[in-house]
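One letter stands for each residue in the lines below.
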Amino acid sequence: MKVAVVGTGYVGLVAGTCFAQTGNNVICVDVDEEKIEKLKQGVIPIYEPGLEEMVKQNVKEDRLSFTTDIAGAVRESLVIFIAVVWAVLTFALRWETGVAYLVGAATVSK
Ligand SMILES: NC(=O)c1ccc[n+]([C@@H]2O[C@H](COP(=O)([O-])OP(=O)(O)OC[C@H]3O[C@@H](n4cnc5c(N)ncnc54)[C@H](O)[C@@H]3O)[C@@H](O)[C@H]2O)c1
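What you see is a predicted model, and the numbers here were worked out from it, not measured in a lab.

**Q** What exactly am I supposed to notice about the overall build of the chain here?
**A** Within the chain, the secondary structure is distributed over six helices and four strands. Of the regular secondary structure in the chain, the N- to C-terminal order runs β-α-β-α-α-β-α-β-α-α. Every one of the 110 residues in the chain was classed for burial, and the buried ones make up 25%. Sequence-distant contacts, at least 24 apart, represent 61% of the contacts inside the chain between residues at least 6 apart.

**Q** I would appreciate a short explanation of the sheet that holds strand S3 (residues 64–67) in the present structure.
**A** Strands belonging to one sheet form pairs held by backbone hydrogen bonds; the direction of such a pair is parallel or antiparallel. Read across the sheet, four strands follow the order S3-S2-S1-S4 without closing on themselves; strand pairing throughout is parallel. Both edges of this open sheet fall to S3 and strand S4 (79–82), since each of them pairs with a single strand only. Here the average twist between neighbouring strands, direction ignored, is 20°. Inspection of the sheet shows strand S1 (residues 2–6) paired to S4 by four bridges, in the parallel sense.

**Q** Is there a simple way to think about the environment of Thr8 in this case?
**A** Here Thr8 is to be found in the loop between S1 and helix H1 (10–21). For Thr8 and Val84, which are 76 residues apart along the polypeptide, the C-alpha to C-alpha distance reads 7.7 Å.

**Q** How should H1 be read in this particular structure?
**A** Turn by turn, an α-helix covers 3.6 residues, leaving residues three or four places apart pointing in a common direction. Over its 12 residues, H1 extends 17 Å from the first C-alpha to the last, a length consistent with the 16 Å expected when each residue adds 1.5 Å. Taken together, the buried positions of H1 are occupied by Gly12, Leu13, Gly16, Thr17, Phe19 and Ala20. End-on, the buried residues of H1 take up no more than an arc of 160°, which puts them together on one face. Contacts made by the buried residues of H1 are with S1, strand S2 (25–29), helix H3 (51–60) and S3. Looking one or two residues beyond H1, the residue adopting positive phi is Gly23, at roughly 105°.

**Q** Whenever I open this one, the nonpolar core confuses me. Can you help?
**A** The nonpolar side chains of a soluble globular protein tend to be buried with one another. One finds Ala4, Val5, Val6, Val26, Ile27, Cys28 and Val29 to be the most contacted residues of the largest nonpolar core, which totals 19 residues. Counting only elements with at least two residues in this core, the list comes to S1, H1, S2, S3 and helix H4 (70–76).

Quick notes on the rules
Residues numbered from 1 in each chain as written. Predicted model: local features only at pLDDT ≥ 70, side-chain atom pairs only at ≥ 80, totals over all residues. Helix = DSSP H or I, 4+ residues; strand = E, 2+ residues; numbered from the N terminus. Buried ≥ 20, exposed ≤ 12 C-beta atoms within 10 Å, placed from the backbone. Contact = placed C-beta atoms within 7 Å. Pairing = 2+ DSSP bridges. Axes fitted to C-alpha atoms, helices over the stretch in contact; angles between N-to-C directions. Expected span 1.5 Å × (residues − 1). Arc of directions from axis to C-beta. Core = buried A, V, L, I, M, F, W, Y, C linked by C-beta atoms within 7 Å.

Structural data, given as structure tokens:
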């Protein structure tokens with residue numbers, strides 16, 4: 001199954017990699033161009049046991065890729081997960097700010 005994960009942070013990268021590991025074709029999307037470029041080069045921005053090896057294996061086997069093209073990823077995918085910043089901003093700033101991030105990601109994804 002083709003899956004897009006919008007937001008390639010702690011949740012998105014780990015979830016997307018696990019979806020790929022279980023046989024899905026996953027496109028991880030982020031607005032952070034530097035992060036996506038590094039991921040394409042095999043530089044993993046966070047540490048979770050076994051994550052780096054799993055990312056590299058799934059990229060090598062063509063089940064996991066990274067992009068900043070949200071619209072393209074969504075068009076190609078049957079299921080879309082949104083894992084952008086929300087709770088931290090919501091607590092630190094205002095509820096509306098967190099919701100705006102979510103709506104922003106969903107709107108761009110159309
Ligand atoms: N980290 C946790 O332990 C945890 C636990 C429960 C729930 N959550 C929730 O999961 C979500 C993601 O959390 P996280 O810890 O992965 O955050 P994170 O900050 O590590 O990652 C979020 C990513 O989303 C990207 N992003 C922001 N706006 C975007 C957009 N419009 N389009 C594409 N990418 C965008 C950011 O560049 C960033 O890379 C949040 O809603 C958070 O509240 C996180």
